[in-house]
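# Examination of the molecular architecture
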Amino acid sequence: MDLAVTSVIGSAGADRVAQLMASGGLFVDYGLASLRLHARSPSLADALHAVYRHFPLQAAAAGAWADIDLSVVPHGRRRLSGQAPEVRLASDGRLIFDPFPADHGLPLVEWGCNWMVAQRMNHVLLLHAGAVERDGTALLLPALPGSGKSTLTAALALSGWRLLSDEFGALDPASFSLQPVLKPVGLKNASIDVIRTRFAGAELGPSFPKTHKGTVAHLAPPAAAVARRHEGARPGAIVLPRWQAGVATRFERLGAHEAFSALAFNSFNYAVLGETGFRAVLRVVRECPAWRLVYSDLDDALATLGRLWQDLPGMQRAAPAQD
Amino acid sequence: MLLVRAASLAVEPLGESWVFFSPLSGETHLINDTSAAMLECLDASRPTAADSVYLEIAGLTGSTPAEVARMCSGYWSSLVEAGAVRVMLAQPPIPSEPA
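Here is what the cut-offs are and how they apply
- Residues numbered from 1 in each chain as written.
- Chains lettered and ligands numbered in written order.
- Predicted model: local features only at pLDDT ≥ 70, side-chain atom pairs only at ≥ 80, totals over all residues.
- Helix = DSSP H or I, 4+ residues; strand = E, 2+ residues; numbered from the N terminus.
- Buried ≥ 20, exposed ≤ 12 C-beta atoms within 10 Å, placed from the backbone.
- Contact = placed C-beta atoms within 7 Å.
- Axes fitted to C-alpha atoms, helices over the stretch in contact; angles between N-to-C directions.
- Parallel < 35°, antiparallel > 145°, perpendicular 65-115°, else oblique.
- Left-handed = near helix turned anticlockwise from the far one by under 90°.
- Nonpolar A, V, L, I, M, F, W, Y, C, P; charged D, E, K, R; others polar.
- Domains from an automatic or database assignment.
- Pairing = 2+ DSSP bridges.
- Expected span 1.5 Å × (residues − 1).
- Bend = angle between axes of the 7 residues up to and from the residue.
- Core = buried A, V, L, I, M, F, W, Y, C linked by C-beta atoms within 7 Å.
- pLDDT = per-residue confidence, 0-100.

Here we take up the overall build of chain B. From N to C terminus, chain B includes 3 helices and 6 strands. Ordered by position in the sequence, the α and β elements of chain B form the string β-β-β-β-α-β-α-α-β. With the C-alpha coordinates of chain B rotated into their principal frame, the extents come out at 60 × 35 × 20 Å. Considering chain B as a whole, with its 99 residues, one finds that 24% of them fall into the buried category.

The subject of this paragraph is helix α1 (residues 33–40) of chain B. Among all positions of α1(B), only S35(B), A37(B), M38(B) and L39(B) are buried. The elements touched by buried residues of α1(B) are β1 (2–5), β2 (10–14), β3 (17–21), β4 (28–31), α2 (50–61) and α3 (65–81) of chain B.

Residues and elements named next belong to chain B. With their axes 8 Å apart at the nearest point, α2 and α3 run at an angle of 110 degrees to one another. Classified by the angle their axes make, α2 and α3 are roughly perpendicular. Seen from above, α2 lies across α3 with right-handed handedness. Within the contact between the two elements, α2 uses Y54, L55, I57 and A58 and α3 uses P65, V68, A69 and C72. Among the residues forming the contact of α2 with α3, the class breakdown is 8 nonpolar, no polar and no charged.

Before going further, it helps to spend a moment on the domain arrangement of chain A. All names here are of chain A. Splitting chain A by domain gives domain 1 (3–120) and domain 2 (125–311). Each of domain 1 and domain 2 was reduced to a C-alpha centroid, and the two centroids are 25 Å apart. With 20 residues of domain 1 at the interface, the matching set in domain 2 holds 26 residues. Those elements giving two or more residues to the side of domain 1 that touches domain 2 turn out to be α3 (42–51) and α5 (105–120). No other element matches the 7 residues that α5 contributes to the side of domain 1 that touches domain 2.

Residue and element names in this part refer to chain A. Judged by pairing direction, the sheet is antiparallel, and its 3 strands sit side by side in the order β13-β15-β14 without closing on themselves. Since the sheet does not close on itself, it has two edges, and those belong to β13 (185–188) and β14 (208–211), each with one partner. Each neighbouring strand pair of the sheet contributes to a mean axis angle of 35 degrees, computed without reference to strand direction. Across 2 bridges, the pairing between β14 and strand β15 (residues 214–219) is antiparallel. Counted as the bridge partner of F208 is V216 from β15. Each of β13 and β15 touches helix α6 (residues 149–157); the most contacted strand, β13, lies at about 125 degrees to it.

Below, the discussion takes up α3(B). Residues and elements named next belong to chain B. With 17 residues, α3 should reach 24 Å at 1.5 Å per residue; the first-to-last C-alpha distance of 24 Å fits that figure. The largest bend in α3 is about 40 degrees, located at C72. Of the residues flanking the end of α3, it is G83, one or two places downstream, whose phi is positive at about 80 degrees.

Bringing the interface of chain A and chain B into the picture now. Facing 12 residues of chain A, the contacting portion of chain B comprises 12 residues. Broken down by secondary-structure element, the contributors of at least two residues to the side of chain A that touches chain B are α9 (256–264) and α11 (275–287) of chain A. Looking at the side of chain A that touches chain B element by element, the count peaks at 5 residues for α9(A). Per-class residue counts for the side of chain A that touches chain B are 7 nonpolar, 4 polar and 1 charged.

This brings us to the nonpolar core. Counting residues in each nonpolar core, the largest one holds 128 residues, and the members touching the most others are V281(A) and V285(A). Taken domain by domain, this core gets at least three of its residues from each of domain 1 (3–120) and domain 2 (125–311) of chain A. Not counting chain neighbours up to four residues away, the residues in contact with V285(A) comprise A256(A), A259(A), F260(A), L263(A), A290(A) and L14(B).

Residues and elements named next belong to chain B. Overall, antiparallel pairing links the 3 strands, which are arranged β5-β1-β6 in an open sheet. Every other strand in the sheet has two partners, leaving β5 (48–49) and β6 (85–88) as the edge strands with one partner each. Here β1 runs beside β6; their pairing, made up of 4 bridges, is antiparallel. In the sheet register, L3 faces β6, and the bridge partner there is V87.

Across chain B, pLDDT averages 91, with 95% of residues at or above 70. For this predicted complex, the interface score ipTM comes out at 0.82, while the overall pTM is 0.89.

Right, let's get into unusual backbone geometry. Residue and element names in this part refer to chain A. In this structure, D135 takes a positive phi of about 55 degrees despite not being glycine. Along the polypeptide, D135 turns up in the loop between β8 (125–134) and β9 (137–142). For D135, a count of 18 C-beta atoms within 10 Å gives the class partly exposed. The phi dihedral of K210 is positive, around 60 degrees, even though this residue is not glycine. The topology assignment puts K210 in strand β14.

Structure below.
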């Protein structure tokens, strides 16, 4: 691929990000997939500069392949009516998604990119799950929206686990390996301050209030995870997390049929993959023990998962990572 | 009642349950031991009488065929709806002669 890599986005400056987006496009390599992004938006460049700070600054050469091609375009009619400016998202020349306020470019790009990954990346099984790795083995965190999956994934990523994704458990059925889809972790509402308060070093981007999911902010993937974004990990355990106010931590073993349902029927493309997807999920639940984690105390949840990793059969023994 | 199991049906044990995938319908279903046993007693290449299924399961479990029939009665329709089983007519219909 003909790409010019000059530095990381964080050190290059937001102006350079803006310049690339406005010319041939900013190229972002997530590991499993790549993005070419076109836009003329200083506020989007500022936000990208913050949450993609550890990614290489790459300019896509003309004609170079990117799995996902997105353009943030002005929603012109709003200007005529004097209303607040909005932008739309286009992929391969087609408009996708409803318009967003012009200063909410980052949530639009992130949600749009996730949607495109779910539409396009059918060479892997896309489980709706957070995924992190430690000691060479991956933990899958499948959950429905609102369960606290992203918050727990972010906390793990800031506690010595390697972030693979907060949204996609991208399982390659052939290699039985979870592939990183390394994007900023989307945090919502109270979770933003939970992470900001608990982890002083958390690199959070700007907050975007009044989205359809409330206030959202994004955690920049740690530099070590970015550096290893082409390195998969074999799944070793499944934990279904659910945050519930005021409860004592409960960590309960799940039956294989419950784990199967949580993975297969909560996948983006299980039906598309047919028997390949069926066999892949079957293998995951047969090889990976599963638990349900209900918690209100994030530190207690992290400690529970740390103990699990120490006790998991077959785990490489390594010194526990520090915050 | 004659029954045929769907071709290429993948039925797999899954902990205390079972799961099957039908390449024809693309559907996946979690099933219990009884439904899995019913599917095991059927063949994709020839029809099997429901009574034969009850007899075979009764022989395995020590129940009477009548008890097994009662146990299975609620599951046939689910398996048919899921595309795992097809009910065959005992005799093909005879076309009426043209008037």
